[in-house]
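One-letter residues, chain by chain:
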Amino acid sequence: MMMMMENPDSNSETKSVIPCVQVDDLEEREAITKVNYESVSEPEELQHQEQNNGSKEQQSEDTSATSDTGISELTLVLIGDTNSIEFGPNNILLDHDNQTNVEQLSSKVYDLCGRYISVINLLGVQSKDQIPVNQRIHAFVLLLPNGLHNSHYSSGVQWLEKAFGRESLAHLIPVVTHQTGETCESALNDLKANHSFDERRYHTCRRSMTDGKEILDLLQKVDVMVSGNDPHWYREVIRRENKEHQEHKEEKTEPSVIQQNQTGEADKEKKFISENSWNMNERSMEQGDTVENTSPTSQTVSSDTTERHDQEGSTATTEAKSVPVNECKDAEPSEKSNNSVITKKKGTSDEDLCRNKEKQEKVSEKINRKNQHQRETEALFGRLHLQDQQQQKWSSSDFLELGSSMKQQHEVSEKDLPHAFLHRLMMLDYRARYIPVRPDSSKVVHPKLDPVFNTTEADDSVLEAFLSIDTDKHQTKATHVHPMDVQMAVFHCSDNFLKQIMITKLSQCQYALPLLVPDPFTMEIECPLWIFRHITKTWKVKLKPQIKDDSNIVTMKSIPICKAETPLVSFFRLGSLSVSKSQLMNTLINDRHSTFFHRHCPGSTKSRHLMDGVAEIAWYCPAGKANDAFSDCIAFCNLHGDALSIEKQRDILLEKSSVNVVLVPTLQKGDKSQSLISALFKSQKPLICLFVDDSFDAVEMIKGKYKMGLKDKSHSDVSEELKRIIGEVLSSPDPSSLKPTFQLETMDEVSGIRVDESDPVCQRGKSAAMEIVSLLEGMEVSKIKDKFLPCQGRLWHEWCRTNKELYHLKGDIEKERSKKLRHLDQIRQRQCDASCSKLMELFTKSLMSLPSTEKEYFLKWIQILVDALSTDDLSSILQNYDKMWSEVLALKNKHDKSHLLARKQTELEDISKKLQSATFGLEHIFREMGQIYEAHKTMKSESSRTDWSKYPELAADLMISGHPMELMDGDAGHVPLIWISSLLDEVIKKLGDQRVFVLSVLGVQSSGKSTMLNAMFGLQFAVSAGRCTKGAFMQLVKVSEEVKKEKDFRFDYILVVDTEGLRALELAGNTSLHHDNELATFVVGLGNMTIINIFGENPADMQDILQIVVQAFMRMKEVKLSPSCVFVHQNVTDIAATEKNMDGKRRLQEKLDQMTELAAKEETSNAECFNDVIAFDVQKDVKYAAQLWEGSPPMAPPNPGYSESIQEVKNIILSKASVSAGIPLSQLKTKIQDLWNALLNENFVFSFRNTLEIAVYRKLEVQYGNWTWTLRSNMLTIEDQLYTRIENGKLDKIEQSYLLKETSKTYEDIKTAMKAHFEDDENKETLVQWQGRFESKIKEFHDEQVRGVKRKLDGVIEQKKACKKMDDKKTEFENKLLKKSKELAQQLQDKVHDEEELEKQFGSVWDGWVHELTADAKPVEDINLEDEQLAVLLELGIEFGDVEESKTSGGYKHMSELGDYSDYVNFPKNQSLYETSEHGKDSKTESKDTNTQGRSFLRSVFKTVQKHLGLGSTTQQKQQQKSRSLLSCKEEEQIRELINNVEKESLDEIQSKPVATRGYVSTYLQEVAKNVKEEVKTFQSTYKYTLKNEFTVDLLLYVFDRMESWLLESQKTFKENNDALAYLDSKKMQYYSIFRSFCKGSSSAVVLGELICENLRDSAADAVYNRTAIGLADEMRCNFPAFNGNRLNFEKHQLKSLAENEDFNGFIKYIRDPRAQAETFIKKKVEKYIFRDHKDKAMNILKKNVGDINTLVSEALSAATQKVQTQRGDTNMWLSEFTGCLSNVLKFEAISSQNFSDINDFEFLQEEVKKGLKPIIEEMKELSLYKIKKSRNKPDKILIDQLCKCCWVNCPFCAAVCTNTIENHSPDDHSVPFHRPSGIKGWHYKDTVEMSINFCTTDVASNGRFYPYHNSKTSIPYKQYRLGGPEYAQWCITADDSKLPYWKWFVCRFQKQLEDYYNKEFKGRGAIPAEWRSITKDQAIESLDEMR
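A quick note: this is a predicted structure, and the numbers were derived from the prediction, not measured. (Residues numbered from 1 in each chain as written. Predicted model: local features only at pLDDT ≥ 70, side-chain atom pairs only at ≥ 80, totals over all residues. Heavy atoms only, no water.)

1. Observations concerning the packing of aromatic side chains
Link 1 in the chain: Inspection of the entire model under this criterion finds 58 aromatic pairs.
Link 2 in the chain: Ring geometry for Y1942 versus W1943: centroids 5.2 Å apart, planes at 85°, classification edge-to-face.
Link 3 in the chain: Residue classification places Y1942 among the buried positions, given a relative accessible area of 0%.
Link 4 in the chain: Look at W1943 and you get buried, because its relative accessible area is 3%.
Link 5 in the chain: Linked through ring pairs, F1704, F1707, Y1710, Y1942, W1943, W1945, F1946, F1950, Y1957 and Y1958 together constitute an aromatic cluster.
Link 6 in the chain: The ring of F696 has K707 sitting right over it, with the charged end atom 5.1 Å from the ring centre.
Link 7 in the chain: Taking NZ or CZ as reference, R1876 lies 5.4 Å from the ring centre of W1943, over its face. (Phe/Tyr/Trp six-rings, centres within 6.5 Å; stacked < 30°, edge-to-face > 60°. Buried < 20%, exposed > 50% of the residue type's maximum accessible area, 1.4 Å probe, protein only. Lys NZ or Arg CZ within 6 Å of the ring centre and 35° of its normal.)

2. A look at the environment of E1150
Link 1 in the chain: By secondary structure assignment, the location of E1150 is in helix α34 (residues 1138–1163).
Link 2 in the chain: In this structure E1150 comes out as partly exposed when scored by relative accessible area, which is 43%.
Link 3 in the chain: Note: C-alpha distance between E1150 and F1170 (20 residues apart in sequence) is 9.1 Å. (Helix = DSSP H or I, 4+ residues; strand = E, 2+ residues; numbered from the N terminus.)

3. Details of the sheet that holds strand β5 (residues 172–178)
Link 1 in the chain: Here we have 6 strands laid out as an open sheet, ordered β2-β3-β1-β4-β5-β6, and mixed in their pairing. What marks the edges here is a single partner per strand, and that holds for β2 (104–105) and β6 (203–206).
Link 2 in the chain: Examined bridge by bridge, strand β1 (residues 74–80) and strand β3 (residues 117–121) share 5 bridges and lie parallel to one another. The residue of β3 that forms the bridge with L76 is V119.
Link 3 in the chain: Contacting β1, β4 (139–145) and β5, helix α5 (residues 149–164) runs over the sheet at an angle of about 155° to β4. (Pairing = 2+ DSSP bridges. Contact = heavy atoms within 4.5 Å. Axes fitted to C-alpha atoms, helices over the stretch in contact; angles between N-to-C directions.)

4. Some remarks on the side chain of N121
Link 1 in the chain: Locating N121 in the fold gives a position in strand β3.
Link 2 in the chain: We classify N121 as buried; its relative accessible area is 1%.
Link 3 in the chain: A polar atom in the side chain of N121 sits 3.0 Å from the backbone nitrogen of L123. (Polar contact = N/O pair within 3.5 Å; in protein donor to acceptor, adjacent residues only side chain to side chain.)

5. Notes on the packing of helix α24 (residues 838–849) against helix α27 (residues 922–939)
Link 1 in the chain: Where α24 meets α27, the closest approach of the two axes is 11 Å, and the angle between their N-to-C directions is 95°. What the angle tells us is that α24 and α27 run roughly perpendicular. On α27, the residues that touch L839, M840, F843, T844 and L847 of α24 are L922, I925, F926, E928, M929 and I932.
Link 2 in the chain: The class makeup of the residues in the contact of α24 with α27 is 9 nonpolar, 1 polar and 1 charged. (Parallel < 35°, antiparallel > 145°, perpendicular 65-115°, else oblique. Nonpolar A, V, L, I, M, F, W, Y, C, P; charged D, E, K, R; others polar.)

6. Comments concerning the confidence of the model for the chain
Link 1 in the chain: Residue-level pLDDT values for the chain average 78, and 78% of them are 70 or greater.
Link 2 in the chain: Here residues 1–70 is a poorly scored stretch, pLDDT under 50, and it has 138 contacts once near neighbours within four places are set aside; other chains count. (pLDDT = per-residue confidence, 0-100.)

As structure tokens, this is what we get:
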């Protein structure tokens, strides 16, 4: 056999190699470096070596060559070209160029990564004879020089296949080498293009191989390849070739071999030792080789080779036994022996040699055991598909997402075991340890039970076989993976944060936790202290009574387990036992639950790989009851495996234990166990020895030393006896007994092991946290908050209280509001000043600066350390509470009535309050961040000490990573809207505007809501009963892409909202009810789905929560929100009882219906049952869940039925969620704001303003505007064409069907666009409620447009018909004039050559022609309206003087704009104007009276006279004028309404008269005047006051003035169309031009051309102007900001314009007559746009239209000429065709063809027309835009029709106009974003001149009242304003929390003008708050952008 030898005299190079094992003994460490040891070889290798050791030289050579074999964990063979590598001392992989057929360990690789890698250099080898046949090869590395890689790859593959066979190619990894600085990116593509290979088995590196990272990457790829390959391949090749070689040698050299093996006796003994050592190693190797490969990528470990004699927890471990060797003293080593093990050094004694040999064997045994263990571990990880996770650990984020769920009742495949284990563990299903593997799994062999004997007869041979125990050949060859191997494999593949979650869940499942864990690869022992940090244990301890005869007092303790000081009882096993130690321990802790896994647990197998050497720990926690096993908390530790061989862990536990329990077999003299037992017996610590194979009762040998036999004893007997002994030992006060308490934190002091918390990353996170926590040590929690978190304490609570008071104002409401707003700003400023505490500075600095992993550690440490502080305080307070409660009970029992009892009770109450406030956690620090941010953002302050603007980003990062974030502050009961909005904005920036499905939960306090959510989604909401959830927290759960596809989800995340419990104990009475209603409404409104968690089946308990829930859902229905719900009954005793559950569902349905009836009365709803409120199916939407605990806490594990039930609930939720699209994060943000703002008001339904819905509606309004504009534009074009055809006489009737047909295409396009918008928009669920209404509105608009155009065109036709007689005359006139002109020209053709003479001659005959033609025509007279009006007034009996007086003052012209009509009213003497007013019953009630400008213009005249006479009013007189009694506001409105109605009716009446077609008739004015007088008379009979005669006069003059322009324009039209004389006068120059042409000898074609061009001149200009008007209107509608949106957008631009111009008169007009002001605004903007700002654009539109007309005329000319030429037509045909082509475009007066019948050259005519058109076209290009104002279509008129066709209803309080784009938008309420102070309209306080400054949006949040009408008898609360009547009920006025700066600025800017206008003052209760005056114009204008 080949040995490693150290020869100091030898010059050959040998390497001393340290094996990769943990060696504890120092001497062993020395032995490793001093002594060479044998290599591990295959049996064939041994034979081969023995037969070739014929000489000393050969032996030396072979020994040197193989000195590095035996402990290598990986062997690489380098093949390829020697030029592909640079040899040198720095080459990590190969530092020499020697070719060798044996492996050599690379020391530089070991230095690099601590691994033993052997390298065989076969670079340049060509001959197969040089190939090693006795080496274990893992991989062939083919080195390829860059540039030659293709050819070298081909030759290298061929060589390898030839040398090692085709199977070797699976072990090949090509490496392209390159020079430094050289690139080889294309090499991979080249190889892929020409060869077929796996690119994952491909690498590149420098030729020098000096880069450690490149080598590590290569080794990683090799590891992946090796783990996926067949481990037998290279061994089979070696054995096959060795065998062939061996047989060949035996045939030739057998005699020599026999002779060679004849040696002396000492050599035989040495050989016996070697052979025995080899035998042991052979067995070990064969065990490693006995692996059945069941797939290309994994291997199965045989149970035959890994069977353990004893299983503890998982299974017991079979230790690798050393084969007995001869005693050292008998050994006589010989230097000449071929098989010598050790070469004796000079000066070395035989004893030293023997000792070294023993150490060598011991180390070899450990090495072989390690190698075997590593192979088994790699195979295990391969089976579980965890190879990659060894390097890339799983993180918590990998499991904090909604992945594809595995049904719990189904088995899983072996590769899915890790995921299934973790998922089920997260769900608190303790059966996660017992997941069965699917039978069809390829990783496990399931034997088929075929009969051994093919016979049915039971003969003797079969019986013998049946009774035989030899059944090896029928044993299963492979087993499934051991459950604890799965657990530990997952543990090793998880990062520290996932480990922590995993272990916390295991603790909740009442499982033992790993305390000491050997690394499965390096065997380094680790104490994972970090994973225990989140575990808190709670138990109860009985205290001795302080008073005689008093009962025991039970005290609860709740301590982080790392800090808990408890006794530790450790259990050890020595040797192989038949009794399960773990099972015995379970009986001590919980005999109903397998805390420690043992051999009898489900799924246990004989093969176990990862548990040996693991020490697990569990705690027994008493419940404070009489049947507790132990009186206090005790830790139990279980060391798995044989403690004799697991020395390091054993020694640690022995040192830490309070009591040691050792299980041993019967001890024989000389047993290794005896020495250990002896040492334990002599120690001071208590010892309990349990002898497995002996039977005797427990006996205490000496104090603290017990022994007991286990044979023939039941588990329960042994358990009870052990409990007694352990309890006795731990309670013994004996000072001689050493019983130290155990604390987990002290494990970091143990030497020789690694503690996970010692990682630098963890330490940096901890040090950052400790720096913060050090500030807090020694302080009470309440003081910590006051000092370091000042912004969230008193200041924040005061801010919340003040903010809520804004919605319950009293007294001078606006002043009070301003005062509170000022107070809020002051609080924010104080928060800013106090915001930079040292704690927050350090905390935020760490969040900003630490890398992600360190940041995570930092946050965890903060949470751990801060919780510990709070826990200490809580424990202290609880102890004080218990003590005080005991004293109070004692005094009560004594019936003590003294003051002492009262004082004690008060102290007890104080402690109770302190208990409630003694909480401090990470959430409080984040809350402080939020408040700092809100304060600074509100005040817009800068801070040099804190970068507050980055706080939302920091929080967003944490929220995205899975941290819960506080949504509602539970202490203050308030949602920090600014903070939450900014936080969600940052989340949107990082994730995009993802859609989320919001899942919220509601239930009573401590009903298991958080636990349910944690089990459902694997979350980390706090579930401690001592610290219940307060407020609401939200946490994001990502939905995996797999689940999105599987479930067809349309959202990306689930946002889980956990809430505090309803009916909280700390709240009482109405406070609790209001708080619960508020919370329920908020949570239900926020969620897409709400889980209603009902604990138990008590109807009384259910009723309370159901009433709150039903009311919340009813509110959602009223505000058009439609969440869904699922009811979960927790803690139900028998969830499988179908009949009982059916009855429970029936009772729940009845209770819900009953609660609905009650809630309907309170919410004024008409719902009669719960299904009227929400879609609810009691069969599907109710789920029963088992009780959480399987037994009684604190030792009870969670009930598996609970986990199953919760997963069923989860499936229901996901099923319902699949039909929901969720909600974008941006909309969620707005929804939170809307819900909370509404909740601040008492009446949620009245106050809720769905901003999301409003935003969607506003967008729909914009679309509606676009659709209607498209229809209007199309109709304008059609109207223009038809109008021209009518004017041309081509059309005398318009059918509606024709118009519908013409518009059908556009209308269908609009309908298609509408359908697409409603069906495809992202907000289609919201839009659907308006789809039918808008489709109806579009149809109405379309039909109205058709009817309107038909009506208009019918009027044109009617007018055309009325003018037919005149039109016929015109044709006759023109024919005669043309004839006469031609005749005259012929007479004068050669006689007159002077232009002046021609003109004179033509003029001399023109008048005669006109007189001749119009002899019988009567001229149309102009009307004198002034005389007509006076005559009508006088006929009505009105005095001439009254008329003249009114006309002189001119006041009647502004009659509708007046605010005070008192001068028009006759009041009875001494009558108070307020007797019939609508105002309040006391002086505090606001009066809605109005004064107006100037007491009418009569008084203005009087004042003018006074001024001229020097009779000015004194200040006192002015004050008296201001204070005199006036009309009420309602009466003023009534008179104004009368004026407006009369005006409208009169205009409608006069415009119905045919003035334009038949002319004016004086009776028209008479009819109007009589109707006006009748209206006034009717009005006076309705009301109690009479109007003066001056009112009637002014009203008539006002009406006449309004209709004057229309009458004059209509009469002008009539005259133009019917006055023959006027018509002929207009034609004089045209016929002179014809006459002149004829005189000059022009042909008929030339004259006709001139006549056509002259005819086209005006009509073309009209067409251009009309088209330009439509085009400009379209341009402005689409591109001008004020016109291209909805009505609200238009309103904002109006207000902005008024503010920019500071136009007071414009403001007053806007307030009094908003529509008139809107029209004025449109006209001004159109004029400014066309004639100033965009004049060039307007001219371009005009020029384009000129070009279009020119093109149309040219096309008509060509068409007419072509037709005539084709059909040989005449002039008449040409004219007919020409005019026909233009009949839709241009008005063309008829030309008689008979005067031009001589034309036959029509091409010449065409050219003449074109020539004449050129100057006309050029003229038109220079047309003035101003003439557009006179065109038939005017852009401002078109836009007014479009933009002003909307709602104009005024707010009943402040007269703000509704901003809905649709005119009649019922049933939607009227609304306006910005209301205004009522004083702007003139409102003032009763009997005073104090103007009101109140906003109605403030009023509706106050406790004030109002009278809705002047004759109302009862007042209405502002909060219920809708009850005031129809005009109030149709308005939606919500309390506005904005500062409404625009109208406040207006009041301050125009205070004087307003006071003068209304003759009132802003003083007293109407005094303007100082804050208003600080608002600038820019701020006011900027605030308009908030209107939405």
